[in-house]
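Commentary on secondary and tertiary structure
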Amino acid sequence: MQLLTAITIGALFGIGVFQLLRRNILRSAIGLIIIGNAVNLFLLSTGVYEGAAAAYSTATEQRSDALPQALVLTAIVIGMGAVAFVLALLIVISTRYHTADMDEVDELKH
Amino acid sequence: MMDTYLVTLPILIPFAAAALGLLLRNKHTLQGLWSLGAALVSFAITGVLLWRVWQAGEAIVFQGGAWPAPFGISLVGDLLGAFMSFMAQLILVMGIIYALGSRDETIGYPTFYPLVLMMGVGLTGVMLTGDIFNMYVFIELLLVSGAVLTAISDNRSGPEAAYKYFYLSLLASWFLLFAIGSLYVEYGTLNMADLAARVAAEPNAPLLPVAIVLLFAAFMVKSAVFPFHFWQPDLYMAAPTAVAAILSAAVSKVGVYGFLRMTTLLFVEQADMIRTALIVFGILGILYGGFSAIGTKNAKRMLAYSSMAQIGFILVAIGWGTTGALVAALVFIFNHALIKSALMMLTGVVASHTENRSAAFRSVTGLGRSMPYAGGLFLLGGLALSGIPPTNGFFSKMLLFGSGIAAEEYVSLAIVGVASVLTLVYTTTAFMRIWWQAPEADKSASRLPDRIQAPTLLIALVLALGIWAEPLIALAQATANWLGDPTLYISAVLGA
């Protein structure tokens, strides 16, 4: 399970970086979102293998660390807001330029 | 401790005022005055905090929810945090004063002032928090409000610049989050004091270098240090003037603050490596920023590149790392905030004269001739930026060079010395173009310009600190001494 998580995080990062480098502005935004998910998964995995039982249970076996779960929850919420704003900006940009090609969004160069 | 409200109120007051300010969305002037009042109160409280911490010589720590130190979230009003948030709140007040006198349409949006206040919350929070994840949250708050304020700018390229800024900074924030995760895996804590103690106790953890590099990269993006700077000129050019002043003067210091904390608290044993990198990137930034500022065609872009160079000076001083150099860095941080926001606002005043509110030199050349008073202020600001007496910039540069000589860093000092001439070149060029040259025939001022109180106040402070610099230097000296011993911070928070 640990190996699988590690491979998943790596794969998500790889896909994310690949998409990030595309010229299509929407694809690069999706790459950003995928990297965000990779980071969230990494953050969750920092505490998830410490114990078997849920953090709040009364079980006697070792409980899992609740803090990374709280962190990842915060990070997901912030990420959601951030992604919503990215997409809103993309709508503004794409209606103004009628293109998804990054090289044609070039008003700042003039 | 009794005074913990001094640490919480500078964050809570702008936060509450932003929320309540939204209720005043139909009464625009009242909303602006309300925001100014909140910013002033919170600025005053930060001033009291700074004074108390300075006089007492120990930090004021607030433990969130009364949880003992490493378990809850601590807010730490130590000298560095109080100093930096005092600077940030001062710039915030000035930004709001400018916004009140500005005639941009953006200012009229009901969310403008609440967002500016949220920037203040983010800035103060970053500098006062003692919890590294909490710091991420405040950085994100700062980032979102800054980007939204740029996106709603009058400037047509606002959304594009905001997208560029937000995209890169979000990526950097995620690197920061990754670094936080790595540190948590290795040391099992998020409290900065606890983390510092544990890193010192076990400096060979395998993920520690990863965390240091990622933190370093994240702070580099936040402060627009040389190879990660390319969002910055666009952002400052497109943002509304009041926002650009806050961004360039205060928000750009977040990364600098991070570097200070990294080298003096979190990673003291690894600090030599970080310092070397800071000197290298700082010098690159000074040279690149200086030459780009000379070559650029827009006054606000020029100031943005100049920010890059000035941040470079600060990084070099942090990189030298001696107590004297830290004093120079702190004085430089404070003075640069005053000078850069004043220059940004003065450029904005001139640009607000033009039809499309552009600060491009081809629009603003000669426009200043009808505004000799603004020109005088700009000249003083330019002299201050270049470090010429009787302005406060002189003391920044003097302390910087003095500390470089004392640290015997002659190679970097020589480059810094030569490169600081570039500052004089681009500030005088801009002054000549805007206030000296004759305007083109068909160009004339076509709009009512923004009001000029805020830059007047700032330049007055610049002059006052140039004539009577002693309190600031004494404060910086006390702060640098405090930074010299990380155990002071650790024991203040952990109560050991």
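Everything quoted here is computed from the prediction, not taken from an experiment. (Residues numbered from 1 in each chain as written. Chains lettered and ligands numbered in written order. Predicted model: local features only at pLDDT ≥ 70, side-chain atom pairs only at ≥ 80, totals over all residues.)

What follows deals with the overall build of chain A. Broken down by element type, chain A carries three helices and zero strands. Walking chain A from its N terminus toward its C terminus, one meets helices and strands in the order α-α-α. Per-residue burial for chain A yields a buried fraction of 23% across its 110 residues. (Helix = DSSP H or I, 4+ residues; strand = E, 2+ residues; numbered from the N terminus. Buried ≥ 20, exposed ≤ 12 C-beta atoms within 10 Å, placed from the backbone.)

A count of helices and strands for chain B gives 21 helices and two strands. Against the 2.2 N^0.38 benchmark of 23 Å for 496 residues, chain B shows a C-alpha radius of gyration of 21 Å, consistent with a compact globule. Considering only C-alpha atoms, chain B reaches an extent of 70 × 55 × 40 Å along its principal axes. By residue count, 65% of the 496 residues in chain B fall in the buried class. If you take every contact in chain B between residues at least 6 apart in sequence, the share linking residues at least 24 apart comes to 80%. (Rg over C-alpha atoms; globule rule 2.2 N^0.38 Å. Contact = placed C-beta atoms within 7 Å.)

Turning our eyes to something else, we now look at helix 3 (residues 79-100) of chain B. Side chains three or four residues apart in an α-helix point the same way, a direct result of the helix having 3.6 residues per turn. Over its 22 residues, helix 3 of chain B extends 32 Å from the first C-alpha to the last, a length consistent with the 32 Å expected when each residue adds 1.5 Å. Among the 22 residues that make up helix 3 of chain B, 21 are buried, leaving the element largely enclosed by the rest of the structure. (Expected span 1.5 Å × (residues − 1).)

By the element assignment, T8 of chain A lies in helix 1 (residues 2-20). Taking the C-alpha atoms as reference points, T8 of chain A and V86 of chain A, 78 residues apart in sequence, are found 25 Å from one another.

Time to look at the interface of chain A and chain B. Contacts between the two partners involve 22 residues from chain A and, on the opposite side, 24 residues from chain B. Elements with a contribution of two residues or more to the side of chain A that touches chain B: helix 2 (25-48) and helix 3 (67-97) of chain A. When residues of the side of chain A that touches chain B are assigned to their parent elements, the largest contribution, twelve residues, is made by helix 3 of chain A. Grouping the constituent residues of the side of chain A that touches chain B by class yields 17 nonpolar, four polar and one charged. (Nonpolar A, V, L, I, M, F, W, Y, C, P; charged D, E, K, R; others polar.)

Residues and elements named next belong to chain A. On the secondary structure map, V39 appears in helix 2. Residue V39 is classed as buried on the basis of its 26 C-beta neighbours within 10 Å. For the pair V39 and L73, spaced 34 residues apart in sequence, the C-alpha to C-alpha distance is 12 Å.

Moving on: the packing of helix 12 (residues 271-295) of chain B against helix 13 (residues 299-320) of chain B. Residues and elements named next belong to chain B. In the contact formed by helix 12 and helix 13, the axes pass within 7 Å of each other and the chain directions differ by 155°. Taken together, helix 12 and helix 13 sit at an angle that is classed as roughly antiparallel. Every pair of crossing elements has a handedness; the one defined by helix 12 and helix 13 is left-handed. A class-by-class count of the residues in the contact of helix 12 with helix 13 yields 16 nonpolar, nine polar and one charged. (Axes fitted to C-alpha atoms, helices over the stretch in contact; angles between N-to-C directions. Parallel < 35°, antiparallel > 145°, perpendicular 65-115°, else oblique. Left-handed = near helix turned anticlockwise from the far one by under 90°.)

Bringing the nonpolar core into the picture now. Within soluble globular proteins, side chains that are nonpolar tend to cluster in buried spots. All names here are of chain B. Ranked by size, the top nonpolar core spans 228 residues in total, and within it M87, I246 and A317 carry the most contacts. Of all the elements, helix 14 (residues 323-351) adds the most residues to this core, at 21 residues. Residue contacts for A317: discarding those within four places in its chain leaves A325, A328, A329, F332, L400 and S403. (Core = buried A, V, L, I, M, F, W, Y, C linked by C-beta atoms within 7 Å.)

On to the confidence of the model for chain B, then. For chain B, per-residue confidence averages 90 on the pLDDT scale, and 98% of positions sit at 70 or higher. This prediction of the complex comes with two scores: 0.93 for pTM and 0.92 for ipTM. (pLDDT = per-residue confidence, 0-100.)

All right, on to the environment of S28 of chain A then. All names here are of chain A. One can find S28 in helix 2. Separated by 74 residues in the primary sequence, S28 and M102 have C-alpha atoms spaced 9.4 Å apart. Setting aside chain neighbours within four positions, we find S28 in contact with Q19, L20 and R22.

Moving on to unusual backbone geometry. All names here are of chain B. Following P389, the chain continues into P390 via a peptide bond in cis, with omega recorded as 5°. Residue position: P390 is located in the loop between helix 16 (372-386) and helix 17 (392-406). Phi angles above zero are rare outside glycine, and E408 is one such case at about 55°. With respect to the secondary-structure elements, E408 resides in the loop between helix 17 and helix 18 (410-436).

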